[in-house]
Structure formats: structure tokens, C-alpha cells
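Here are the chains, one letter per residue:
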Amino acid sequence: MYIHIPFCDIHCQFCGFYQNPLRKFNTENYIDYLLKEISLEIDNKAMQSAPIHAIYFGGGTPSALASGQIARVIRYFKQHAPLAPDCEITIEGRISDFDDERVDSYIQAGVNRFSIGVQTFNTQIRQRLGRASTEEQIIKNFERIAARDSVALVCDLMFGLPDQTPQTWQRDLDIANNLPLDGIDLYPLNLLPTTPLAKGVENKRIEIPSVTDKCRFYHQGAEFFAKQGWVHLTNAHWAKTSRERNLYNFLIKQGSNFFAFGSCAGGRLGGQSFMIHRDLNQYYTQLDQGKKPIMMLTGKPLIGEWLYQLQAGIEKGRIDLTQLTQHYQLFEPLINQWHQVGLLQNTDHCLLLTLSGRFWSSNILQALQQLLLQLNNPEYIELQQKMAQEKRTTGSQQMMSHSAIKQAKDPH
């Protein structure tokens with residue numbers, strides 16, 4: 001289950017998900033409506049048919065809500081939803097929000113994982129991005145939370161930020177390694193065009209590292225954590241202890257059904273994707289009418305289960321083409337090319353990504369998805385076979401014509 005909290009206290013310069021300023025809205029009212037939305041579905045067959053293995057509170061900034069508000073939602077789920085005994089319950093947020101009162105409220109309600117977006121520990125770079133906490137404050141807050149020894153503690157770091165160098169990046173990696181963390185994410189800066197940071201780059205007021213530099217940063221982080229004994233779970237995620245599973249994120253990539261609640265939440269059920277209304281007024285109005293406030297619903301995709309196998313394989317750095325298509329031998333020229341440029345460790349049909357391959361995994365996924373979509377489509381295969389037959393026929397006719405012309409010119 002994904003629960004969206006569409007409020008933020010401040011607008012970070014790089015963020016494209018900012019929607020509603022926290023100070024302008026009654027968040028207790030939002031939680032009332034959120035519970036109303038959940039109650040519409042909690043007893044249906046889809047919800048009750050199987051254990052729920054992960055709940056993720058994202059946003060926005062879930063941790064910005066007052067102490068006890070998210071606990072209300074978790075308690076409702078515990079009373080009415082078929083949660084698995086080891087259900088992963090994650091709260092996403094910023095480190096300055098995780099005060100003792102909130103932390104105690106989360107843990108008492110049953111939260112067992114905190115995902116905290118730090119992006120960088122560097123005070124100067126943080127201030128330029130609109131983040132207030134200093135390096136020293138962040139470290140102390142992480143140590144204070146970890147002292148409870150009650151949750152998987154995960155930190156997000158970002159590379160490719162303005163003024164970031166290999167030296168400042170290594171400082172971030174060293175701090176993270178020395179903190180009592182259970183997991184870490186390393187994400188490249190995705191420069192979304194609507195963000196203040198993107199506008200600064202466009203106007204040449206701000207300079208950011210190149211794509212080549214980002215790839216080097218990724219190598220630097222991955223190689224460092226490998227030496228420190230962290231386990232590379234997915235392309236962007238590492239675990240330091242057995243407490244960290246990164247369960248929600250991996251289940252999403254491998255095609256699991258997931259329910260979605262809250263304004264702007266997105267979910268998938270039975271192969272169909274949907275999104276809840278972004279506009280809070282529309283969200284509230286439709287719930288007052290007893291309706292699920294759906295803004296968008298896609299038709300069931302024609303793509304088979306192979307897509308989810310591909311996505312899951314990409315995340316793990318291992319793609320077995322023999323399990324995705326019977327035409328896997330057609331990929332050999334591409335496999336050889338990717339191996340030559342350093343994206344693959346091998347030239348077999350079971351592709352093993354190098355670190356560079358994992359950095360470029362989105363591009364590899366897109367390329368393989370397009371090719372597999374064509375090869376696994378019966379109409380496309382039939383067309384290719386027809387074209388091949390026509391080519392053979394045309395070639396045969398050309399050979400016959402050439403022989404006839406030669407004989408006409410030289411009867412002997």
C-alpha cells in the first residue's frame with residue numbers, strides 16, 4: 001500500500017513533487033478524509049484476499065505532519081487490513097522532523113522503517129538547495145534515532161548536485177558509513193524542468209556536474225560501500241544490516257499489486273494503473289459523495305508479465321533473456337556491443353550488469369523493453385517472417401534473372 005501525504009513545509013530547489021504548502025492546510029482534516037477513502041475499500045475482496053507485505057508513507061513530506069496523525073492511519077490498518085506479520089511500514093521524511101515525540105508515536109504505532117532524505121551532509125550545498133539542517137545537526141539526529149534500536153534507518157544521498165566534487169561526495173560517503181544506518185540510497189540528481197534548480201541551470205546561474213561526472217560519482221559510491229561490506233540490493237540501494245530489506249521498492253518493480261490512498265497517490269491493481277486526484281478540493285468533494293476520487297485510470301496493458309520480470313532483473317543487475325523471449329539469440333549483436341563499451345560483465349544471454357551498466361540501467365531497460373515488445377508481439381513476428389520470406393523470394397528471383405541474362409549473353 002502507498003499512502004501519499006501531499007504537504008511540505010518548504011520547497012526544496014531540486015524537487016518536482018512539491019504541491020501544497022503545509023501552513024495553508026488543516027492536516028487533521030486531511031487525515032479524516034484519508035481514513036474515509038481507506039474505509040471505502042478496506043473490506044473488499046481485493047484488499048482482504050492476501051497479506052499486505054509493505055506500507056509506504058510518501059509525499060510530499062509525511063514527517064511534517066503533527067505527532068499522532070500518521071499513527072491514526074497505521075492503527076486503522078492494523079485493525080482492519082490483513083497485514084503480514086513482518087509487514088514493512090515505512091515513513092519518509094526529513095531529518096529535522098524526526099523529533100522524539102514523532103519518533104515515539106511512529107514506533108508505538110508499528111512503524112519499523114524510516115527513510116530520511118538527506119541528499120548531502122555538506123552544510124553549504126544543503127543551504128543552497130533550501131535545506132536548513134547542518135552536518136552536525138543531522139549526525140546528532142541520526143544517532144539519537146538509532147539509539148532506540150527499533151527501526152531500519154535508511155538515508156538517501158544524491159550525487160550530481162551543484163558545487164559537489166569527488167572530495168565532498170567522499171565526505172558524504174564516509175559520514176554515512178560511520179553512522180548507525182541499516183541502509184542507504186544513492187540517487188543521481190534528476191533535473192526536472194519545472195524546479196527552481198533547473199531554471200537556475202538554464203539561466204547559467206548554477207552549474208552542475210556532467211553526466212560523465214555523475215557516472216564517476218556512482219562508481220565512487222558503489223566501490224566504497226563494497227569495500228566497507230555493504231550489500232548491493234538494487235541499483236540505487238545498499239544494506240548494511242539484515243534489518244534492511246527495501247521491500248516496498250522492490251515489490252513495486254517486480255509488478256506486485258499495490259493499493260494507493262491520498263491525494264496524488266498512484267497505484268496498480270490487476271494490471272491497471274490509477275492515480276488519485278491531485279487537487280485537494282476535488283479529493284474532498286468526491287469523498288463527500290462516497291466515491292473513490294480517481295483522476296486517471298489506464299486500460300489493462302497488453303504487455304505480458306515479462307515486463308515485470310525485466311524490471312526486477314534490471315534492479316538486481318541480472319537479466320535472463322531466455323526467460324523473457326524465445327527469440328533471445330537475436331540480441332547477440334546488442335549484447336556484444338554493450339559488453340564492448342563496458343555495460344555488461346559477460347556475453348551470455350543472462351546479462352550481468354557492470355557498475356556502469358547499473359548506472360545506465362534506465363536506458364538499458366528502455367532499450368530492452370522496446371525490443372521485447374516487438375519480439376513478443378505475435379503480429380510483429382508474423383510481419384518479420386513475411387518480410388523475410390519476401391526477401392528470400394526476391395533474392396531467388398534476382399538470381400534466376402541474373403542467370404537468364406548471363407545465358408542470353410553467352411549461350412555456351
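We now turn to the structure provided with this report. (Residues numbered from 1 in each chain as written. Predicted model: local features only at pLDDT ≥ 70, side-chain atom pairs only at ≥ 80, totals over all residues. Heavy atoms only, no water.)

### Regarding the nonpolar core
Side chains of a nonpolar character, in soluble globular proteins, are inclined to be buried together.
Right, on to step 1. Leu34, Phe77, Phe114, Phe121 and Phe142 are the most contacted members of the largest nonpolar core, which has 79 residues in total.
Right, on to step 2. Ignoring any residue separated from it by four or fewer positions in sequence, one finds Phe114 in contact with Ile91, Phe98, Val103, Tyr106, Ile107, Ile145, Val151, Ala152, Leu153 and Val154.
Right, on to step 3. Core analysis: the second largest hydrophobic core is formed by 20 residues, Leu307, Ile319, Phe331 and Trp338 among them. (Core = buried A, V, L, I, M, F, W, Y, C linked by side-chain atoms within 4.5 Å. Buried < 20%, exposed > 50% of the residue type's maximum accessible area, 1.4 Å probe, protein only. Contact = heavy atoms within 4.5 Å.)

### So, the pairing of strand E5 (residues 83-93)
Right, on to step 1. Examined bridge by bridge, strand E4 (residues 52-59) and E5 share five bridges and lie parallel to one another. Pairing of Ile55 across the sheet is with Ile89, part of E5.
Right, on to step 2. Regarding the hand of the β-α-β motif, the stretch spanning E4, helix H3 (residues 69-80) and E5 is right-handed.
Right, on to step 3. With four bridges connecting them, E5 and strand E6 (residues 113-119) associate as parallel partners. Following the sheet pairing, Glu92 is matched in E6 by Ser115. (Pairing = 2+ DSSP bridges. Helix = DSSP H or I, 4+ residues; strand = E, 2+ residues; numbered from the N terminus. Right-handed = clockwise from strand over helix to strand, strands pointing away.)

### Quick notes on the pattern of salt bridges
Right, on to step 1. Summed over all chains, the structure comprises 18 salt bridges.
Right, on to step 2. A salt bridge links Arg216 to Asp213; the shortest N-O distance between them is 3.2 Å. Separated by three residues within a single helix, Arg216 and Asp213 lie in helix H9 (residues 211-227), roughly one turn from each other.
Right, on to step 3. Ionic contacts of the salt-bridge type, sharing partners, join the residues Asp100, Asp104, Arg144 and Arg148 into one network. (Salt bridge = Lys/Arg side-chain N within 4 Å of Asp/Glu carboxyl O.)

### Things to note about the side chain of Thr325
Right, on to step 1. Within the element layout of this structure, Thr325 appears in the loop between strand E15 (318-320) and helix H13 (332-340).
Right, on to step 2. A polar atom in the side chain of Thr325 sits 3.1 Å from the backbone nitrogen of His327.
Right, on to step 3. Sequence-distant contacts of Thr325, defined by excluding residues within four places in its chain, comprise Phe331, Leu372, Leu375 and Asn376. (Polar contact = N/O pair within 3.5 Å; in protein donor to acceptor, adjacent residues only side chain to side chain.)

### Looking at unusual backbone geometry
Right, on to step 1. A positive phi angle is found at Asp149, which is not glycine, with a value near 55 degrees.
Right, on to step 2. With respect to the secondary-structure elements, Asp149 resides in the loop between helix H6 (135-146) and strand E7 (152-159).
Right, on to step 3. Although it is not a glycine, Asn246 adopts a positive phi angle of roughly 55 degrees.
Right, on to step 4. Take Asn246: it is sitting in the loop between strand E10 (237-239) and helix H10 (247-253).
Right, on to step 5. The buried category is assigned to Asn246, whose relative accessible area is 4%.

### Comments concerning H3
Right, on to step 1. Helix length check: H3, at 12 residues, gives a terminal C-alpha distance of 18 Å against a target of 16 Å (1.5 Å per residue), a fit within 8%.
Right, on to step 2. Regarding H3, the residues found buried are Gln69, Ile70, Ala71, Val73, Ile74, Tyr76 and Phe77.
Right, on to step 3. Buried residues belonging to H3 abut strand E1 (2-5), helix H1 (27-41), E4, E5, helix H4 (100-109) and strand E11 (260-261). (Expected span 1.5 Å × (residues − 1).)

### Considerations on the sheet that holds E4
Right, on to step 1. Pairing is mixed in the open sheet, where nine strands are placed in the order E9-E10-E8-E7-E6-E5-E4-E1-E11. With partners counted over all chains shown, the strands left at the sheet margins are strand E9 (231-234) and E11, one partner each.
Right, on to step 2. Bridge analysis of E6 against E7 gives six bridges, and the strand direction is parallel. Across the sheet, Ser115 pairs through a bridge with Val154, a residue of E7.

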